[in-house]
Amino acid sequence: NTLNLVEIAQRILDVNKDALVLIAYDNDASVLRDKLGVNAGIETGCRAFAEFGPFATPELQKNVRTISPPVLETDKGISDWNDVVVGKGMAKAVEMFKTVMADAADRRKNNVNEYQYLVDIYDAQRENFFNSLSKEEQNEYRNPSEGSKLKSPYVVKYSTIIAEKVKDANFS
């Protein structure tokens, strides 16, 4: 549940304004084909981090970071940290966790926009998924037929979906 992440992160930073708050999201890359190219874990992170945008306190923008398992499409059945422990063993999970924690600390140190970081990951995953499809499948994803599993045409770049939603919102 991501509805209270901003509040929880803010409370942690109220106690220690320099804390590095890490939020772990699932990385459903191994089931992109089953889920029609949607990575619910990363997408949830993107949506939640939209709350940390320009209206968030500077501490939230700087100190809240994500850590998702660096899952590949070949890592079947692995999408969260517990799956990594079960599927790859504790030693490998600790090694992977240390790597992503160091990366999160580097992003904070270098003032990387965490929301853009997540969107870039998701864009790359969606593009890799789409490019792995046959030409016939790509055409079906672009123009789903009636009765298709897809409710609407597949948009490769999640950043395009966001831009269209912002445009449709008409903030003027």
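Up top you'll find the structure we're talking about.
One structure accompanies this document, and this report is about it. (Residues numbered from 1 in each chain as written. Predicted model: local features only at pLDDT ≥ 70, side-chain atom pairs only at ≥ 80, totals over all residues. Heavy atoms only, no water.)

1. Remarks on the packing of aromatic side chains
Any aromatic ring pair is given by two values, namely how distant the centres are and how the planes are angled relative to each other.
Moving on, step 1. In this structure the tally under the stated criterion is 6 aromatic pairs.
Moving on, step 2. Judged by centre distance (5.7 Å) and plane angle (65 degrees), the rings of F129 and Y154 are edge-to-face. Here F129, found in helix 6 (residues 114-131), pairs with Y154, found in the loop between helix 7 (135-142) and helix 8 (158-169); they are 25 residues apart in sequence, far enough to count as distant.
Moving on, step 3. For F129, a relative accessible area of 1% translates into the label buried.
Moving on, step 4. A relative accessible area of 9% places Y154 in the buried class.
Moving on, step 5. For the pair Y141 and Y154, a centre-to-centre distance of 5.6 Å together with 85 degrees between the ring planes defines the contact as edge-to-face. Placement of Y141 in helix 7 and of Y154 in the loop between helix 7 and helix 8 is noted, with a sequence separation of 13 residues between them.
Moving on, step 6. You can call Y141 buried: its relative accessible area is 10%.
Moving on, step 7. One aromatic cluster is present, built from ring pairs that chain together F129, F130, Y141 and Y154. (Phe/Tyr/Trp six-rings, centres within 6.5 Å; stacked < 30°, edge-to-face > 60°. Helix = DSSP H or I, 4+ residues; strand = E, 2+ residues; numbered from the N terminus. Buried < 20%, exposed > 50% of the residue type's maximum accessible area, 1.4 Å probe, protein only.)

2. Focus on the side chain of S68
Moving on, step 1. Position of S68 among the secondary structure elements: in the loop between strand 2 (64-67) and helix 4 (81-88).
Moving on, step 2. Relative accessible area serves as the criterion here: at 16%, S68 is assigned to the buried category.
Moving on, step 3. One polar contact links the side chain of S68 to the main-chain carbonyl oxygen of Y25, over a distance of 3.0 Å.
Moving on, step 4. Sequence-distant contacts of S68, that is, excluding residues within four places in its chain, are made with Y25, D26, N27, I42, W81 and V100. (Polar contact = N/O pair within 3.5 Å; in protein donor to acceptor, adjacent residues only side chain to side chain. Contact = heavy atoms within 4.5 Å.)

3. Quick look at the pattern of salt bridges
Moving on, step 1. For the coordinates displayed, the defined rule picks out 7 salt bridges.
Moving on, step 2. Put simply, E114 and R107 hold a salt bridge, and the shortest N to O gap is 2.7 Å.
Moving on, step 3. By relative accessible area, which is 4% here, E114 ends up buried.
Moving on, step 4. Each of the salt bridges in this network shares a partner with another, and the network as a whole consists of R65, D103, R107 and E114. (Salt bridge = Lys/Arg side-chain N within 4 Å of Asp/Glu carboxyl O.)

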